[in-house]
Amino acid sequence: MERVSTQAQTHLEPPASIPAGKQTLALKHTSAIPWYVYTSFFATASAVFGLYWDISWHMSIGRDSFWTPAHLMVQFGAVLAGFSCAWLILHTTFRGDAIAKSASVGFWGFRGPLGAFIAAWGGLAMLTSAPFDNWWHNAYGLDVTIISPPHTVLLLGMIGIQVGGLILALGPMNRSEGGARSRLEKMFLATGGLILIQIAMFIMEYSVVPLQHNAKFYRAVSLAVPIVLVGIATAARDRWACTILAGIYSSFWLAMLWIFPMFPASPKLGPVYQHITHMVPLWFPLLLIVPAIAVDLVRGKIGTLGKWWQAILLGTVFLSVFIAAQWPFANFLQMPAARNWIFGSDYFEYSIRPESTFVHHLFFPEEATRAEFWQKMSVALLAAIISTRLGLAWGDWMRRIRR
Amino acid sequence: MRKIAWLALFLLVATAALAHVGSQDIYYEGNAGPYHLYVTVHMPQTIPGIAKVEMRSATGGIREIHIAPMALLGSTKLSPVPDLVQRSKADPQFFTGNVWLMEASGFQVHIQADGDLGHGELGVPGTAMPQGILPMQQALGTVLFVLMLLLAAGLVSIMGASAREAQLEPGVVPTTRNVRRGWIAMAAAAVVVAVMLILGNLWWSADRRSHLMLTRPVRLRASLQGSRLVLDLPDGRVETRRGVFVDWQRFLGINLLIPDHNHLMHLFLVRSPMLDQFWHLHPTPDSRAWFSASLPSLPAGHYQLFADIVRITGAAPTLIGEIDLPEVKGSDLVGDDAGTAAPPVSAGQDRTVSELADGGRMIWERDPGPLKSRSFLSFCFRVEDKDGQPARDLEPYMDMAGHAEFIRSDFSAFAHVHPMGNVAMAAVQLADASLDANTPQLTASESSMSMHIPEVPETPAPPSEMQMPGARSGSEVSFPYGFPGPGTYRIFVQVKRRSHIETGIFDAHVE
């Protein structure tokens, strides 16, 4: 790694006079939000909204041309993130001033902010998933399941773009104070909210209303959500960071639930089992806002505890409060009172059979015995604790990011 | 939602596989109002997938045809937006179009024809199921492999850069300690990436195995008890990809089947390897097993079994099996059961004339020229009495002018064909009923999950001689079909004359 040190010294200004690890360069322009933070945010927003739209398209119209606006929005997100990060890396490497180079990391001879490399990696993964997914559809059939190997590559790519976006905001955010820090933290939390929205879409196979009395559902949420909530909240200073993230998720999900049905649509594929006249949205958001508030309240008071104790407390609070909120709310969503535009319990995709548990608003129990249920619930608790612990570690790591 | 959808898919696939064996394309002949159509549906390899629909009209004056895929149960109110098919420039009577089949189940292609003679509709029923997994092309595999290496190396390097420099204040040069941390992070990341790739590969392999399982026909367990053939569903339970166990009885229970030509099962016993014994029996539900049937007297040998059933959804799977039989001293054939001994299948010339038991003959009026696979062909058979005169004594055999079975000599393909095509009559009736917009939709209580049998449209009274479906004239019967691939095929054609069922035997060599 001598090359790295040499290269860094070559690019930094003044290179020779600074003893390694002893001095820093004063950064200018710290009050402005860098352009690449905006492009990363819009790339993430485009991909996440496009994904939601695409799922709704598949539920309402079915498989369509590659050139649907929903597909284009997802691809635009990948292209915007990929190109802007590629430009940022190339510019920093070949045209960057000392300030830009000093706030960069080295990667295969290139220099740029760490987030740019992560987002570029995400863009490449998304591009890789396209031919892989196309072949998969030809070989196995279209979207037999959401969680397939090519979709996982796509998801990793999207996560790469989003985490890259987070870290692009983190570098200047962690180096700033005052108003600049506050503005960057808003962008950081907004990007985090988009990540939570996407995570919710990825676990929707497990989170539909008929499954919300199953331990498997709580296990899936416990695995996927605390790491995002706690991780991003730990890196931010806002004491209501978890609440803000869950609020962004809930607002987006509700807005889509109420707006999408305003647009007409009819299935192009068959067999059709439900009469569709408009775009079918995803269902009512999970009540993640409730455990998010609880986690925010608790985490403000336990900062002095060890990380594992924090994880045990926060994980337990998250899961128990979420169960207390979601379990009875699922009962409500199955009732006639929820079959309206506000709660959207009567929206079904065109291919749902009339005899389905969805259509009859019945729960679909998957655990055969009480013992199996509690065994999986125990795993859910363990998952919540481990996910929280990983979130704390990730958050601590993000707090230290400077480049 | 997808989870349940996947489970439903599995159940449907498991019970749909396979409609016919090795012969998935649909060949159908019927009337869309005033227009007589010959329809071929080339089924996709995978479900969901695209089926290619070819239609030739025997009637002129069609202006346009729209097609849409529909469920067999339900009404045209639930049709997706129909697609306009393309008319051939070379042949104005020939039309082609595509339909997406999203579900492994019974389905129909709903055809709407409009032209000088007015409007007409036709439902062509079929059973959609995945047939296999396409291999990956080498070039694509190479590109993806390189991209995978690039992504893996990129991830490792990003982790290294992250640990080495990302946490340093701008301008600070990484120390030796930082560099070492970078190396350690890269080593750890390499291990994690390797584990992820290994787990991914295991996942992919498991996925492939479970998918392949869905493409195979359900294999029956057959045993002999006295002179009775007993059929049982496969042993044990099947694990779906999601780890949900399903019991075969739950999906192929007797009360989930509907009769086809008044029988819940049509069983064909064919002795291998020479196809020199052929028996078409109709097992009945057995309280101690699944189905059972009294066997006629049979010579010893190894027999292949093909069992046609129709599910409540209209899906018409063919289950397979095999059994070694000793010489069986069985009972006389009764009802619609029929069969015959046959000469060994001929690997040389086509066999186009078959001698019948009463001294008459059945003649395959084969067009000259080679037989091509995957093409719509009309197989016409003429029955002559012992004086060489056209037979005037044909009667409906299970409501049809005749039944034909096409079997490849290696048993890799089997199709039970009727005069309107290689579809089950019960499915045709469901399709016809669904074209009536007033048909009530399937309700939950009638669904397969609730194990009630919906009312199948009443079987029409036996038609008169000239009205029999598929009867070209009083002595001829025809079947639309296309061979699935090259090879030697044996064709068994069954007709009924003076209450006696005759079986004609023909051999065909297909390019």
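The rules we used
Residues numbered from 1 in each chain as written. Chains lettered and ligands numbered in written order. Predicted model: local features only at pLDDT ≥ 70, side-chain atom pairs only at ≥ 80, totals over all residues. Heavy atoms only, no water. Helix = DSSP H or I, 4+ residues; strand = E, 2+ residues; numbered from the N terminus. Buried < 20%, exposed > 50% of the residue type's maximum accessible area, 1.4 Å probe, protein only. Contact = heavy atoms within 4.5 Å. Areas by Shrake-Rupley, 256 points an atom, 1.4 Å probe, with all protein chains shown as cover. pLDDT = per-residue confidence, 0-100. 1 Å grid on protein atoms, 1.4 Å probe; cavity = no way out; pocket = protein on both sides within 12 Å on 5 of 7 lines; lining within 4 Å. Points joined across faces, edges and corners; volume = space filled by probe spheres on them. Nonpolar A, V, L, I, M, F, W, Y, C, P; charged D, E, K, R; others polar. Pairing = 2+ DSSP bridges. Axes fitted to C-alpha atoms, helices over the stretch in contact; angles between N-to-C directions.

## Observations regarding the overall build of chain B
Consideration 1: Along its length, chain B carries five helices and 30 strands.
Consideration 2: Out of the 511 residues in chain B, the part that is buried amounts to 57%.
Consideration 3: A fraction of 70% describes how many contacts in chain B between residues 6 or more apart in sequence connect residues 24 or more apart.
Consideration 4: With the model as given, the accessible surface of chain B reaches about 20,400 Å², and the carbon-plus-sulfur share is 55%.

## Let's talk about unusual backbone geometry
Consideration 1: With omega at 5 degrees, the peptide bond leading from Ser272(B) into Pro273(B) counts as cis.
Consideration 2: Position of Pro273(B) relative to the elements: it lies in the loop between β14 (266-272) and β15 (277-281).
Consideration 3: Here His361(A), not a glycine, exhibits a phi torsion of approximately 55 degrees, which is positive.
Consideration 4: The residue His361(A) is located in the loop between α12 (307-333) and α13 (370-399) in this model.

## A few points about the confidence of the model for chain A
Residues and elements named next belong to chain A.
Consideration 1: When the pLDDT values of chain A are averaged, the result is 86; 90% of them are 70 or greater.
Consideration 2: Across chain A, element-level confidence peaks in helix α10 (residues 241-259) with a mean pLDDT of 97 and bottoms out in helix α1 (residues 2-11) with 36.
Consideration 3: Here residues 1-30 is modelled with pLDDT under 50, and outside its nearest four sequence neighbours on either side it reaches 49 contacts, counting other chains as well.

## Section: empty space enclosed by the protein
Residue and element names in this part refer to chain A.
Consideration 1: Throughout the structure, instances matching the rule amount to five cavities of 30 Å³ or more.
Consideration 2: Considered as a void within the structure, the second largest cavity measures approximately 200 Å³ in volume.
Consideration 3: In terms of lining residues, the second largest cavity is bounded by 17 residues, among which Val209, Trp283, Ser345, Tyr347 and Phe358 are the most central.
Consideration 4: A per-class count over the lining of the second largest cavity returns 13 nonpolar, four polar and no charged.

## Some remarks on the sheet that holds strand β10 (residues 221-225) of chain B
Residue and element names in this part refer to chain B.
Consideration 1: Reading across from one edge, β10-β11-β17-β16 is the order of the four strands in this open sheet, with antiparallel pairing throughout. In the strand order of this sheet, the two ends are held by β10 and β16 (284-285), each with one partner.
Consideration 2: Sheet topology note: the β16/strand β17 (residues 291-294) ladder contains two bridges and is antiparallel. Pairing of Thr284 across the sheet is with Ser292, part of β17.

## What about the sheet that holds β15(B)?
Residues and elements named next belong to chain B.
Consideration 1: On the basis of which strands lie adjacent, the open sheet formed by five strands has the order β19-β18-β14-β15-β20 and antiparallel pairing. Taken across any chain shown, the strands that pair with only one partner, and hence form the sheet edges, are β19 (318-325) and β20 (338-341). The sheet shows a mean angle of 15 degrees between the axes of neighbouring strands, direction not considered.
Consideration 2: Relative to β15, β14 runs antiparallel, the two sharing four bridges. Residue Leu269 lies in a different strand from β15, and its bridge partner there is Trp279.

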